[in-house]
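Each chain is listed here by its residues.
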Amino acid sequence: MTSHEAAGATDAAVAADTGTVWFVGAGPGDPELITLKGQKLLAQAGAVLFAGSLVDRAATAFAPAGCDIRDSKDMTLEAMTDWLVTRARQHRTVVRLQTGDPSLYGALIEMARPLDAAGVPWRVVPGVSSAMASMAAAGESMTLPEVTQTVILTRVEGRTPMPEGEDLAALAAHRSTICIFLSITLLHKVEAALRQAGWPEDAPMLVVHKASWPGEEQIIRGTLADIKQRCRDAGVVSQSMIVASPTLGSRDWETLARSKLYDPTFTHRFRKAHA
Ligand code: SAH
């Protein structure tokens, strides 16, 4: 990508004399976890609309002096899209900064469709999701050979209803790694669903509060039986990722199946097996 393109000067944008709105993943909280591309776009942005307290540090750290910076926490969807459309007619580069990755629970499509309707081009820059940052914080792996090769990213039902067939008990029947967003105040529902799916009381669980936030991250380990009490004891009631996974704690297991990729008896494209 050339710097010309990074500035949002796509052919369509030039023709319509409209800037581009970039939906940029800010990462999970640590400003250093934004991508280089996201940081570059912020540095040349004429306007930045950021999503609440989780990402203001990145916005203020990387946007240029004089940039029109606005917190969206008190805005409706219509107010946000109006703001973005208006700014895109004034600036070449407009950034909508979102926590983690914009494609996860970020109202991306709801915001983008009015931009399409207004003829404003938009693009997405991915970000480090809090699911990844939480596993990184705890030194855990989403996948493990012969344990699970599947990750489910989900939430439990709050005010947003779950589509049919996606209730946590049904998903938990897979015994895979499950990262549960937006649900720390509904931990009782998470527990009930895992029990319904037959997870044992000593199944390991992980809750990470403010993953990657310097000085504020909290890592709470427990089991299905005690994770709720442990969170209560730690005072964790918001901004947390819940992880249920048969891989948790595997660094301390006595035996582990080897990953074929690094197995000396396994040949692949980049390495021949040793006898
Ligand atoms: N797009 C974001 C998710 C937004 S939904 C992403 O990819 O991470 C908001 C939920 O994400 C929160 O309720 C919480 O479950 C989770 N979350 C966001 N930032 C977090 C962080 N730093 N640590 C733990 N969980 C976080």
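Residues numbered from 1 in each chain as written. Predicted model: local features only at pLDDT ≥ 70, side-chain atom pairs only at ≥ 80, totals over all residues. Heavy atoms only, no water.

A. Seen up close, the site of the ligand. Around the ligand there are 18 residues in total, and Pro28, Leu104, Ser130, Ala211 and Ser240 lie nearest to it. Aspartate 101 is positioned with one of its backbone polar atoms (N or O) 2.9 Å from a nitrogen atom of the ligand. At 3.0 Å from an oxygen atom of the ligand is found a main-chain nitrogen or oxygen belonging to leucine 182. Against a free-state accessible area of 540 Å², the protein chains account for coverage of 92% of the ligand. Each of two domains, domain 1 (3–125) and domain 2 (130–249), supplies a minimum of three residues to the shell around the ligand. (Near = heavy atom within 4 Å. Polar contact = N/O pair within 3.5 Å; in protein donor to acceptor, adjacent residues only side chain to side chain. Areas by Shrake-Rupley, 256 points an atom, 1.4 Å probe, with all protein chains shown as cover. Domains from an automatic or database assignment.)

B. Inspection of the sheet that holds strand 9 (residues 218–223) at higher detail. Strands sit in the order 6-7-10-8-9 across an open sheet of five strands; the sheet is mixed. Each having just a single partner strand, strand 6 (151–155) and strand 9 make up the two edges of the open sheet. With strand direction ignored, the average angle separating the axes of adjacent strands in the sheet is 20°. Bridge analysis of strand 6 against strand 7 (residues 177–181) gives five bridges, and the strand direction is parallel. From the neighbouring strand, isoleucine 152 faces strand 7, where its bridge partner is isoleucine 178. Its contacts with the sheet put helix 7 (residues 130–138) on strand 6, strand 7, strand 8 (204–209), strand 9 and strand 10 (240–244), and the angle it makes with strand 8 is roughly 110°. Where helix 9 (residues 187–196) meets the sheet, its contacts fall on strand 7, strand 8 and strand 10, and the angle it forms with strand 10 comes to roughly 10°. (Pairing = 2+ DSSP bridges. Helix = DSSP H or I, 4+ residues; strand = E, 2+ residues; numbered from the N terminus. Axes fitted to C-alpha atoms, helices over the stretch in contact; angles between N-to-C directions. Contact = heavy atoms within 4.5 Å.)

C. Quick look at the sheet that holds strand 1 (residues 20–25). Taken in spatial order, the five strands make up an open sheet running 3-2-4-1-5, and their pairing is parallel. Of all the strands in the sheet, just strand 3 (68–71) and strand 5 (122–125) have a single pairing partner and so form its edges. Taking each pair of neighbouring strands and ignoring which way they run, the sheet shows an average axis angle of 20°. The pairing of strand 2 (residues 47–50) with strand 4 (residues 93–98) spans four bridges and is classified as parallel. In the sheet register, phenylalanine 50 faces strand 4, and the bridge partner there is leucine 97. Most of the contacts of helix 5 (residues 77–88) go to strand 2, to which it runs at about 165°, and overall it touches strand 1, strand 2, strand 3 and strand 4. Contacts from helix 6 (residues 108–118) reach strand 1, strand 4 and strand 5, with the element oriented near 170° to strand 1.

D. Here's a closer look at the side chain of lysine 210. Turning to its location among the elements, lysine 210 is positioned in the loop between strand 8 and strand 9. Non-local contacts of lysine 210, meaning those with residues more than four positions away in its chain, are made with Glu216, Glu217 and Gln239.

E. Quick look at unusual backbone geometry. We note that glutamate 146 has phi near 60°; this positive angle belongs to a residue other than glycine. Positive phi, close to 50°, is recorded for lysine 210, a residue that is not glycine.

F. Broad picture of the packing of aromatic side chains. One pass over the full model with this rule turns up two aromatic pairs. Considering the side-chain rings of phenylalanine 23 and tryptophan 122, the 5.9 Å spacing of their centres and the 85° angle between planes classify their relative orientation as edge-to-face. Taken together, the positions of phenylalanine 23 in strand 1 and tryptophan 122 in strand 5 put the pair 99 residues apart, joining distant regions of the chain. You can call tryptophan 122 partly exposed: its relative accessible area is 26%. Ring geometry for tyrosine 105 versus phenylalanine 181: centroids 5.0 Å apart, planes at 45°, classification tilted. Of this pair, tyrosine 105 sits in the loop between strand 4 and helix 6 while phenylalanine 181 sits in strand 7, and the two are 76 residues apart along the sequence. We classify tyrosine 105 as partly exposed; its relative accessible area is 39%. (Phe/Tyr/Trp six-rings, centres within 6.5 Å; stacked < 30°, edge-to-face > 60°. Buried < 20%, exposed > 50% of the residue type's maximum accessible area, 1.4 Å probe, protein only.)

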